[in-house]
Amino acid sequence: MPPQFQTETQAKVYANVAQILKDQFGAQARPNDQAPQFNIRAGSAYVTVVVSPINDKATVVRAYSWVVTGAESSTELRQFLLEQNFNMRFGGYATEPGTGDILFTHAVLGEGLDTDELMWTVMAVANTADEADDQIVQRFGGQRAVDRT
């Protein structure tokens, strides 16, 4: 059963994203039946791609990955993440409210989204999460996303 959409534009962009991910990742891009999103495993990272409406005519496509869960929240960790954000070409680190889990996220407009733009988005998130998780765990503790499942 396909997810419910809030706007026609969201449904159209979702269909475009679905086709691109199917073409690029095949069965590895698993749609979520409950929400307009997909999950992809890339190395030690899991990437979620979500299609959300901004308004009736615009959408945002956000790719994010949990990088580390359970790291000790500290000023040093937050400073590290902010400094890393400064050097990022695409996306940035965030912490999930309430849990402190570290994510890496990047968003693009959905209308006119093409294969190259979506792939740059997904791979930037996947590669950053896959490369950073070991470094963050070593310095600040916690678990990589792949280790908690």
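All chains use their own residue numbering, which begins from 1 and follows the written sequence. Only residues with pLDDT of 70 or above have their local features reported here, since the model is predicted, and side-chain atom pairs are shown and tallied only from 80 upward, although totals for entire chains, interfaces and linings are computed over all residues. In computing side-chain values, all of the structure's heavy atoms are included and hydrogens and water are not.

## What about the environment of Asp134?
So, step 1. The secondary structure listing takes helices from DSSP runs of H or I that are at least 4 residues long and strands from runs of E that are at least 2 residues long, numbered from the N terminus. Tracing the backbone through its elements, the reader meets Asp134 in helix 3 (residues 115-140).
So, step 2. Placed 97 residues apart in sequence, Asp134 and Gln37 show a C-alpha to C-alpha distance of 26 Å.

## Overview of the packing of helix 1 (residues 8-25) against helix 3
So, step 1. Axis lines are fitted through C-alpha atoms, for helices just across the contact stretch, and the angle between N-to-C directions can take any value from 0 to 180 degrees. At their nearest, the axes of helix 1 and helix 3 sit 10 Å apart, and the two run at 70° to each other. Taken together, the axes of helix 1 and helix 3 are roughly perpendicular relative to one another. Helix 1 and helix 3 meet at a crossing whose hand is right-handed. Contacts from Val17, Ile20, Leu21, Gln24 and Phe25 of helix 1 reach helix 3 at Thr115, Leu118, Met119, Val122 and Met123.
So, step 2. Basically, the charged four are Asp, Glu, Lys and Arg, the nonpolar ten are Ala, Val, Leu, Ile, Met, Phe, Trp, Tyr, Cys and Pro, and anything else, Gly included, counts as polar. Among the residues forming the contact of helix 1 with helix 3, the class breakdown is eight nonpolar, two polar and no charged. Angles below 35 degrees are treated as roughly parallel, those above 145 as roughly antiparallel, those between 65 and 115 as roughly perpendicular, and all remaining angles as oblique. Crossings are classed by handedness, with left-handed meaning an anticlockwise turn of the near helix from the far one by less than a right angle and right-handed meaning a clockwise turn. The contact definition used throughout considers only heavy atoms, calling two residues in contact when any of these lie within 4.5 Å.

## Focus on the pairing of strand 3 (residues 45-53)
So, step 1. Here six bridges tie strand 2 (residues 37-42) to strand 3, and the two strands are oriented antiparallel to one another. Looking at strand 3, one finds that Gln37 is bridged to Val50.
So, step 2. By the bridge criterion, six bridges tie strand 3 to strand 4 (residues 59-69) in an arrangement that is antiparallel. If you follow Val49 over to strand 4, its bridge partner there is Ala63.
So, step 3. One bridge is not enough; two strands pair if DSSP finds at least two bridges between them. Here strand 3 folds back onto strand 4 in antiparallel fashion, the turn holding five residues.

## A short note on helix 3
So, step 1. Compared with the 38 Å implied by 1.5 Å per residue over 26 residues, the 36 Å span of helix 3 between its first and last C-alpha is a close match.
So, step 2. For helix 3, the principal kink sits at Ala132 and spans about 35°.
So, step 3. At the exit of helix 3 stands Gly141, carrying a positive phi of roughly 85°. Between the first and last residue of a helix there are one fewer steps than residues, each counted as 1.5 Å, and that sum is the expected span. To get the bend at a given residue, fit one axis to the seven residues ending there, fit another to the seven starting there, and take the angle between those axes.

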